[in-house]
Amino acid sequence: MRNDSELLDHILNHIDNATTDMGDEEWNEPVEHYNSQIRFDAERRLMRRLPIPFCPVAALPGPGSYVARNSAGVPIVVVRDLDGTVRAFRNACRHRGMQLADGAGCTKIFRCNYHGWAYRLDGQLEYVPHEHGFPELDKASSGLVPVHSVDVQGGLVFVTQDEPVGLGALESLPTLLSDDQVIFQTEEKVDDINWKLTAEGTLEGYHIKPTHPESFFPYGYDNLNVVEMQGPNSRVCYPFRRIEKLRDAPRDNLSLDRMVTLVNRIFPVTSVTRLAQHYGLSFAEPESPTRTRYFNYRMTLPTADGGAPSEEALARAKKDVAFLSDTGDREDAKVVSDIQAAIGSGANTHYRFGRFESAIGHLHKNLALYLARLDNAEAEVIKLVN
Ligand code: FES
Ligand SMILES: [Fe+2]
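Here the structure is a predicted model, which means the values were calculated and not measured.

As a further point, take the state of the cysteines. In protein chemistry, a disulfide is the covalent bond that joins the sulfur atoms of two cysteines. Applying the stated criterion across every chain yields a total of zero disulfides. Looking at the unpaired cysteine 55, the closest cysteine sulfur is the one in cysteine 106, lying at 14 Å.

Pasting the structure below:
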């Protein structure tokens with residue numbers, strides 16, 4: 001991936017020649033991949049067998065911090081234990097399956113609200129009220145059930161629920177976040193949308209002028225992007241016009257902070273976006289072919305000295321969020337919901353992604369590749385069973 005100084009020269013070259021990055025070919029994606037239950041179910045099964053970002057590691061600041069939510073339809077709780085290790089369990093009591101944690105918080109112990117069984121942060125079953133009623137219970141083997149694996153990389157916590165079919169996003173993950181970035185806003189929302197439509201809207205700048213004529217376009221360019229791939233992930237750069245002021249800047253240690261928007265798509269359902277004054281993180285949880293829950297985090301920019309963000313930086317970050325929610329985000333949401341509403345119109349058998357939209361083709365291509373791996377892995381199991 002280019003560093004900031006290489007990125008600047010690449011962008012200036014595009015500005016001077018009125019060009020943009022272009023992929024090798026167009027991509028056609030069947031419309032039924034957006035509304036078929038069979039396809040949706042396969043995508044969710046795949047999500048259980050890949051490392052999937054669950055939350056920023058900053059959401060687990062100290063021992064006992066936890067985040068509980070569904071991932072690929074399975075209730076999961078991620079917690080930092082007393083030793084500082086990040087662990088992930090299926091969020092279900094070993095007595096009769098009640099969920100043990102909800103949302104985010106900090107706790108010393110997970111105590112079930114139903115009958116009071118209590119589990120340590122490392123998952124061990126610690127306490128059973130009136131234990132003599134369970135003469136056959138082996139407490140040592142009745143702890144919370146861990147997922148296959150947890151990885152903390154690039155500032156994100158990845159959860160792999162079951163035997164993985166590949167490295168997924170971890171095949172080539174860029175460094176996304178630094179330790180000094182602070183979460184200043186969280187949001188959970190549900191949209192009546194297929195998750196891929198929202199993802200696609202963030203991965204090309206071909207739409208900037210017609211869709212965002214008064215919000216983004218005056219600060220940016222029409223169809224001018226740098227598109228880079230890292231394994232199945234991608235990074236799309238949207239320069240601001242003020243970047244031209246850097247034309248003669250010394251290239252040593254050059255930073256493009258506040259000069260570009262960088263959208264990192266972390267395969268397949270997560271985005272980490274560096275905006276002008278803050279970072280936006282979005283964790284999609286597909287709930288049906290036409291409904292997606294989003295767990296969104298807003299984080300401050302890295303500071304120059306690695307210390308805490310200043311009051312002014314925080315105020316600028318919040319202003320940035322307010323601007324986006326009033327303008328561009330709303331414009332994008334209108335587009336995707338209109339597409340969703342027309343999905344059954346019969347007008348298209350495929351959606352067509354041009355050479356400017358290569359990061360979208362890359363997402364679909366990798367999804368197809370991993371779904372084929374999942375197919376093979378599931379066929380193996382069927383063979384073994386028979
Ligand atoms: S379901 Fe948890 S204690 Fe009974
Ligand atoms: Fe947009």
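Those donors, His207 (NE2), His212 (NE2), Asp332 (OD) and Asp332 (OD), are the protein atoms that reach the iron ion (ligand 2), and they lie 2.0 to 2.6 Å from it. Around the iron ion (ligand 2), the four donor atoms are arranged such that angles at the metal cover 56 to 158°; this shape is classified as irregular. Classification of histidine 207 by relative accessible area gives buried; the value is 13%. The partly exposed category is assigned to aspartate 332, whose relative accessible area is 23%.

Proteins that are soluble and globular tend to have nonpolar side chains buried together. Among the nonpolar cores identified, the biggest contains 66 residues, and Val78, Leu156 and Leu281 are the most heavily contacted of them. Sort the elements by how many residues they give to this core and helix H7 (residues 358–385) lands first, with eight residues. Each of domain 1 (4–48 + 169–371) and domain 2 (52–163) accounts for three or more of the residues forming this core. Excluding residues that lie within four positions of it along the chain, valine 78 makes contacts with Phe54, Leu60, Ser65, Tyr66, Val67, Val86, Arg87, Ala88, Val157 and Val159.

This next bit is on the packing of aromatic side chains. Under the counting rule described, the total for this entry stands at seven aromatic pairs. With a centroid separation of 5.6 Å and 80° between ring planes, the pair formed by phenylalanine 283 and tyrosine 297 is classed as edge-to-face. Within this pair, whereas phenylalanine 283 is found in strand S17 (residues 279–288), its partner tyrosine 297 is found in strand S18 (residues 291–299), the two being separated by 14 residues in sequence. In this structure, phenylalanine 283 and tyrosine 297 share a single accessibility class: buried. Its end group placed over the ring of phenylalanine 217, arginine 241 keeps NZ or CZ at 4.8 Å from the ring centre. The ring of tyrosine 221 carries arginine 241 above its face, with NZ or CZ at 5.9 Å from the centroid.

Turning next to the environment of phenylalanine 184. Mapping phenylalanine 184 onto the fold places it in strand S12 (residues 183–191). Given a relative accessible area of 17%, phenylalanine 184 falls into the buried group. The spacing of phenylalanine 184 and proline 302 is 118 residues in sequence and 13 Å in space, taken between C-alpha atoms. With near-sequence residues (within four places) excluded, phenylalanine 184 lies in contact with His278, Arg298, Met299, Thr300, Leu314, Ala317, Lys318 and Val321.

Moving on, we get to the domain arrangement of the chain. Each domain of the chain was delimited in the assignment, giving domain 1 (4–48 + 169–371) and domain 2 (52–163). Here domain 1 and domain 2 have C-alpha centroids that lie 31 Å from each other. With 23 residues of domain 1 at the interface, the matching set in domain 2 holds 23 residues. Of the roughly 1,800 Å² buried between domain 1 and domain 2, counting both surfaces, carbon and sulfur atoms make up 70%. For the domain 1 face of the interface with domain 2, the top three residues by lost area are Arg48, Leu170 and Phe283, together amounting to 33%. Our count for the domain 1 to domain 2 interface comes out at zero salt bridges. Where domain 1 meets domain 2, there are six residue pairs in polar contact (both at pLDDT 80 or more).

An order of S12-S18-S17-S16-S15-S14-S13 is seen for the seven strands of this open sheet, with the pairing classed as antiparallel. The open sheet has two free edges, formed respectively by S12 and strand S13 (226–230), since each of these has just one partner strand. Here the strands of the sheet are splayed against their neighbours by 15° on average, with no regard to which way each runs. Of the strands in this sheet, S13, strand S14 (233–239), strand S15 (260–266) and strand S16 (270–274) are in contact with helix H1 (residues 4–17), which crosses S13 at around 140°. Seen against the sheet, helix H5 (residues 311–326) touches S12 and S18 and runs at an angle of roughly 15° to S12.

A word on the packing of H5 against helix H6 (residues 328–341). Packing of H5 against H6 leaves a shortest axis separation of 3 Å and a crossing angle of 35°. Contacts from Leu324, Ser325 and Asp326 in H5 reach Gly328, Asp329 and Arg330 in H6.

Here we take up the pattern of salt bridges. Inspection of every chain in the model, using the stated rule, returns 25 salt bridges. For arginine 2, the salt bridge is made with glutamate 228, and the minimal N-O distance between the two is 3.3 Å. A residue pair is termed long-range when its members are at least 10 positions apart, and arginine 2 in the segment before H1 and glutamate 228 in strand S13 qualify at 226 residues. Arginine 2 sits in the partly exposed class, given a relative accessible area of 28%. Each member of the salt-bridge network shares a partner with another, and the members are Glu29, Arg39, Glu43 and Lys196.

Looking now at the sheet that holds strand S2 (residues 52–56). Spatially, three strands are ordered S2-S11-S10 in an open sheet, and the strand pairing comes out antiparallel. In the strand order of this sheet, the two ends are held by S2 and strand S10 (149–153), each with one partner. Averaged over neighbouring strand pairs, the angle between their axes works out to 30° when direction is ignored. When S2 meets strand S11 (residues 156–160), the two strands line up antiparallel, connected through four bridges. Bridge pairing links proline 53 to phenylalanine 158 in S11.

Basis of the calculations
Residues numbered from 1 in each chain as written. Chains lettered and ligands numbered in written order. Predicted model: local features only at pLDDT ≥ 70, side-chain atom pairs only at ≥ 80, totals over all residues. Heavy atoms only, no water. Disulfide = S-S within 2.5 Å. Donors = N, O, S within 2.8 Å, 3.2 Å for Na, K, Ca; no water. Tetrahedral: all angles 85-135°; square planar, octahedral: opposite > 155°, others 65-115°. Buried < 20%, exposed > 50% of the residue type's maximum accessible area, 1.4 Å probe, protein only. Core = buried A, V, L, I, M, F, W, Y, C linked by side-chain atoms within 4.5 Å. Helix = DSSP H or I, 4+ residues; strand = E, 2+ residues; numbered from the N terminus. Domains from an automatic or database assignment. Contact = heavy atoms within 4.5 Å. Phe/Tyr/Trp six-rings, centres within 6.5 Å; stacked < 30°, edge-to-face > 60°. Lys NZ or Arg CZ within 6 Å of the ring centre and 35° of its normal. Buried area = accessible area lost by both parts, 1.4 Å probe. Salt bridge = Lys/Arg side-chain N within 4 Å of Asp/Glu carboxyl O. Polar contact = N/O pair within 3.5 Å; in protein donor to acceptor, adjacent residues only side chain to side chain. Pairing = 2+ DSSP bridges. Axes fitted to C-alpha atoms, helices over the stretch in contact; angles between N-to-C directions.

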